[in-house]
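For reference, the chains in residue letters:
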Amino acid sequence: RGERLVREAEEEADRLMEEADRLKREAKDIFAQDLRSVCADLEAANHKLLGKLPPELWSKIVDENVRQNDLLALSMTCRFFGDTTKDLGMKLEMDLNFDSLFELRRSGKMTPHSFGWFRWVFDTLKILPGYKWGSKRVKGAVYEADLVHYA
């Protein structure tokens, strides 16, 4: 009798675990659908609000307030900014080599960046090991040392 009760308890525990897993999957599906809906609503509202400004004004705002190295990050913040920078024909590239960073720092136009910005760079761009002087640089590459100099 005791063995039968233990077996029934184990079977009930297994059934409850399967039910819990099913409910988790259903909740994830519902949450994902709701999240997509919320994101679509926010995107539509942003586009409606931000789209009120003419392209010429956006061009002026970006030209006067966003440095070249920050354009890529701006364009990736939302679809509107991505489309706007593309429509304005802006060149989305970052120049993190030592010479350009030194010039920026010397000019006083270097914006301090947060830890989150550096994390975004590491998560988004391909970071190569330290550059060896005299070696040929890989075009478009970001080297670890470049980021140290940038910081």
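Cut-off values and rules
Residues numbered from 1 in each chain as written. Predicted model: local features only at pLDDT ≥ 70, side-chain atom pairs only at ≥ 80, totals over all residues. Heavy atoms only, no water. Buried < 20%, exposed > 50% of the residue type's maximum accessible area, 1.4 Å probe, protein only. Helix = DSSP H or I, 4+ residues; strand = E, 2+ residues; numbered from the N terminus. Salt bridge = Lys/Arg side-chain N within 4 Å of Asp/Glu carboxyl O. Patch = residues over 30% accessible without salt bridge, like charges linked within 9 Å, V, L, I, M, F, W, Y side chains within 5 Å. Areas by Shrake-Rupley, 256 points an atom, 1.4 Å probe, with all protein chains shown as cover. Core = buried A, V, L, I, M, F, W, Y, C linked by side-chain atoms within 4.5 Å. Contact = heavy atoms within 4.5 Å.

## As for helix α4 (residues 79-87)
Every buried residue of α4 is accounted for by Phe80, Phe81, Gly82, Thr84 and Thr85. Just downstream of α4 lies Gly89, where phi reads positive at about 70°.

## Some details on the pattern of salt bridges
Side chains carrying opposite charge are able to pair once their charged atoms draw close together. Applying the stated criterion to the full structure yields six salt bridges. Of the charged contacts in the structure, one is a salt bridge between Arg79 and Glu43, with a shortest N-O distance of 2.7 Å. Here Arg79, found in helix α4, pairs with Glu43, found in helix α1 (residues 2-50); they are 36 residues apart in sequence, far enough to count as distant. We classify Arg79 as exposed; its relative accessible area is 55%. Judged by its relative accessible area of 34%, Glu43 is partly exposed.

## What to know about a nonpolar patch on the surface
A cluster of nonpolar residues, Leu53, Leu57 and Ile61, forms a patch on the protein surface that exposes about 190 Å² of accessible area. Tracing the backbone through its elements, the reader meets Leu53 in the loop between α1 and α2 (55-65). Classification of Leu53 as partly exposed rests on a relative accessible area of 33%.

## Some remarks on the nonpolar core
Residues Leu50, Trp58, Val62, Leu71, Leu74, Phe80, Phe81 and Met90 constitute the largest nonpolar core, which totals eight residues. Of all the elements in the fold, those that place two or more residues in this core are α2, α3 (68-75) and α4. Dropping the residues within four chain positions of it, Leu71 is found in contact with Val62, Val66, Thr85, Met90, Lys91 and Leu92. Core analysis: the second largest hydrophobic core is formed by seven residues, Ala73, Phe118, Trp120 and Ile127 among them.

This is a description of form; function is not addressed.
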